[in-house]
Amino acid sequence: MTTSQRALITGASSGIGRATALALADVGYDILLVARDRTKLGSVAAEVETRGRNATLLSLDLSQVSTLQETLKAWIGDDGLDVLVNNAGIGYTGRLSDMPLADWQQVMDINLGSVFECTRAVLPTMRKAGSGTIVNIASVAAYNAFPDWGAYGVSKAALVSLSKAFAAEERQHGIRVSVVSPGAVNTPIWDTETVDADFDKSKMMTAEMVAQAIANVILMPQAAVVEEITLLPNAGTF
Ligand code: NAP
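Residue numbers run consecutively from 1 along every chain, following the written order of its sequence. Only residues with pLDDT of 70 or above have their local features reported here, since the model is predicted, and side-chain atom pairs are shown and tallied only from 80 upward, although totals for entire chains, interfaces and linings are computed over all residues. Processing note: side-chain calculations cover all non-hydrogen atoms of the structure and skip hydrogens and water entirely.

Enquirer: Before we go on, may I ask you to explain the layout of surface pockets in this structure?
Expert: Empty space among the atoms can be located by rolling a probe the size of a water molecule over them. Roughly 1200 Å³ of volume is contained in the largest pocket. Only protein atoms enter the 1 Å grid, on which a cavity is a set of points fitting a 1.4 Å probe that cannot get out and a pocket is an open set with protein on both sides within 12 Å along at least 5 of 7 lines, lining residues being those with an atom within 4 Å of a point. If you go around the largest pocket, you meet 43 residues; those closest to its centre are Gly89, Ile90, Gly91, Thr187 and Ile189. Secondary structure counts use DSSP, requiring at least four H or I residues in a row for a helix and at least two E residues in a row for a strand, with both numbered from the N terminus. Put simply, the parts of the chain that give the lining of the largest pocket at least two residues each are helix H1 (15-26), helix H4 (101-129) and helix H5 (150-170). If one sorts the elements of the lining of the largest pocket by residue count, H1 sits on top with 3 residues. Residues belonging to the lining of the largest pocket are distributed by class as follows: 22 nonpolar, 15 polar and 6 charged. Grid points are joined across faces, edges and corners, and a volume is the space filled by probe spheres set on the points. Amino acid classes used here: Ala, Val, Leu, Ile, Met, Phe, Trp, Tyr, Cys and Pro are nonpolar; Asp, Glu, Lys and Arg are charged; the rest, including Gly, are polar.

Enquirer: I tried to follow the packing of aromatic side chains on my own but got confused; where do I start?
Expert: Aromatic ring pairs are described here by two measures, namely the spacing of the ring centres and the angle between the planes. Geometry of aromatic contacts follows a simple scheme: Phe, Tyr and Trp rings, the Trp one being its six-membered ring, pair when their centres are within 6.5 Å, and the pair is stacked under 30 degrees between planes, edge-to-face over 60, tilted otherwise. By the definition in use, this model includes 3 aromatic pairs. For the ring pair Trp149 and Tyr152, a centre distance of 5.3 Å and an interplane angle of 75 degrees mean the geometry is edge-to-face. Tyr152 carries the same exposure label as Trp149, and that label is buried. A connected cluster of aromatic rings, assembled from ring pairs, spans Trp149, Tyr152 and Trp190. Relative accessibility decides the category of a residue: with a 1.4 Å probe and only protein chains considered, values under 20% of the type maximum give buried, values over 50% give exposed, and everything between is partly exposed.

Enquirer: It is not clear to me how the side chain of Thr187 should be interpreted in this structure. Could you clarify?
Expert: In this structure, Thr187 sits in the loop between strand E6 (175-182) and helix H6 (207-219). Overall, the relative accessible area of 10% leaves Thr187 in the buried class. Note on definitions: a residue-residue contact is assigned when non-hydrogen atoms from the two residues lie within 4.5 Å. Thr187 has contacts with Gly15, Ile16 and Ala207, leaving out every residue within four places of it along the chain.

Enquirer: Looking at this structure, I do not really get the sheet that holds strand E7 (residues 228-231). What am I missing?
Expert: Backbone hydrogen bonds are what pair the strands of a sheet, in a parallel or an antiparallel way. Any two strands with at least two DSSP-identified bridges between them are counted as paired. Spatial ordering of the open sheet is given by E3-E2-E1-E4-E5-E6-E7, a layout of 7 strands whose pairing is parallel. The strands lining the two open edges of the sheet, one partner per strand, are strand E3 (55-59) and E7. Sheet twist, expressed as the average angle between the axes of neighbouring strands with direction ignored, equals 15 degrees. Both strand E5 (residues 132-137) and E6 contribute to a ladder of 6 bridges, which runs parallel. Counted as the bridge partner of Ile137 is Val180 from E6. Each of strand E1 (6-10), strand E4 (83-86), E5 and E6 is contacted by H4, which is oriented at about 175 degrees to E4, the strand it contacts most. Each axis is a line fitted through C-alpha atoms, taken for helices only over the stretch in contact, and angles between the N-to-C directions span 0 to 180 degrees.

Enquirer: Which parts of the structure should I look at to understand the packing of helix H3 (residues 65-76) against H4?
Expert: In a pair of packed helices, the angle between the axes and the distance between the axes together describe the arrangement. Axis separation between H3 and H4 bottoms out at 9 Å; the angle between their running directions is 35 degrees. As for how H3 packs across H4, the hand of that crossing is right-handed. Each of Val65, Leu68, Gln69, Leu72, Lys73 and Ile76 in H3 lies in contact with H4, whose residues at this interface are Asp109, Gly113, Ser114, Glu117, Cys118, Arg120, Ala121, Val122 and Pro124. Crossings are classed by handedness, with left-handed meaning an anticlockwise turn of the near helix from the far one by less than a right angle and right-handed meaning a clockwise turn.

Enquirer: Help me understand the nonpolar core in this model?
Expert: The nonpolar side chains of soluble globular proteins are, as a tendency, buried together. Put simply, a nonpolar core is a bunch of buried Ala, Val, Leu, Ile, Met, Phe, Trp, Tyr and Cys residues held in one set by side-chain atoms that sit within 4.5 Å of each other. The biggest cluster of nonpolar side chains holds 33 residues, and the ones touching the most others in it are Leu24, Ile31, Leu33, Val85, Val135, Ile214 and Ile218. If you list the elements that add at least two residues to this core, you get E1, H1, strand E2 (30-35), helix H2 (38-50), E4, E5 and H6. Once residues within four sequence positions are removed from consideration, Ile218 is found in contact with Leu24, Tyr29, Val83, Val85, Thr133, Val135 and Arg176. Leu62, Leu84, Val122 and Val160 belong to the second-largest nonpolar core, a separate cluster that totals 29 residues.

Enquirer: Honestly, the pattern of salt bridges in this entry has me stumped. Any pointers?
Expert: Where charged atoms from two side chains of opposite charge approach closely, those side chains can pair. A pair is scored as a salt bridge if a Lys or Arg side-chain nitrogen falls within 4 Å of a carboxyl oxygen belonging to Asp or Glu. A complete count under the given rule lists 10 salt bridges for this structure. In this structure, Glu47 and Arg18 form a salt bridge, with 2.8 Å as the shortest nitrogen-oxygen distance. Here the residue Glu47 occupies a position in helix H2, and Arg18 occupies one in helix H1, the gap between them amounting to 29 residues. Each of Arg18, Glu47 and Glu208 takes part in a single network of salt bridges with overlapping partners.

Enquirer: Can you walk me through the site of the ligand in this structure?
Expert: By nearness alone, 31 residues border the ligand, and Ser14, Arg36, Tyr152, Val185 and Thr187 come closest of all. Polar contacts, as counted here, are pairs of nitrogen or oxygen atoms within 3.5 Å of one another; within protein the pair requires one atom able to donate a hydrogen and one able to accept it, and residues that are adjacent in sequence qualify only if both atoms are side-chain atoms. Val185 is positioned such that a nitrogen or oxygen atom in its backbone is 2.7 Å from an oxygen atom of the ligand. Interatomic distance of 3.4 Å between a backbone N/O atom of Ile189 and an oxygen atom of the ligand. Accessibility throughout is a Shrake-Rupley quantity obtained with a 1.4 Å probe, and a residue counts as covered only by protein chains that appear here. Contact with the protein chains removes 94% of the 880 Å² of surface that the ligand exposes when unbound. A cavity or pocket is said to hold a molecule if more than half of that molecule's atoms lie within 2 Å of its grid points. Here the ligand occupies the largest pocket. Mapped onto the shell around the ligand, the elements with two or more residues apiece are H1 and H5. Broken down by class, the residue content of the shell around the ligand amounts to 17 nonpolar, 10 polar and 4 charged. Throughout this document, a residue counts as near a molecule or strand when at least one of its heavy atoms sits within 4 Å of that molecule or strand.

Now the structure itself:
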């Protein structure tokens, strides 16, 4: 038996994942944090604990999809989880015509394959409990073709489709699956090695705004599900 609500957040070391960890801690969740950077995870865990909630962290490379499911199942244990936020992802810019196949595969592994396996890791215990909420973070790039963002857009469009398929299959078990598709958010993703972008960041949304939307989706009464949210900067789409 779980003694309090537990939420696992992937990509919790930074940006939207970090903000979501803090927003859910604020409403009483204990948080399981997953990403690669142990030091950053440790800082977020400390912030969760100052809010009076428990934090547990796992340093894990989600691109290792073939071992992911078993690793997570072992870590989560028989108590299971109430909430999974599949947030980890990478940005990637590059022409489809020139992109190395290995880069394409990497984007698909992290942005799509890891969500497939993380979700399948939590389903058995959620089914046993007869409830659970899974929130997948897609993007407006799932619906719009931006030059140089082709691989990223395909991964997010497929993620929307994967979310709908899981939702259709799992609702009979009391499990809700939602998609949150943000426009531009001011996070470190715009400064990573694989992204070439130069935007006026002041017009972007903050990670806290997206975290608030994610928390709202989770906090809906269990008998209702928010299937999908598109969240845009009021200043317009990028
Ligand atoms: P971010 O600050 O760069 O955060 C990305 C997170 O994913 C980090 O915690 C990173 O942690 C983790 N991650 C990346 N690769 C990983 C790997 N191989 N294994 C484990 N963890 C990995 O970016 P963000 O903007 O918050 O992005 C969060 C999600 O929002 C992504 O799915 C992104 O596509 C989506 N999104 C972002 C925007 C935007 O404008 N920012 C818009 C729409 C959608 P480590 O580096 O520690 O591993």
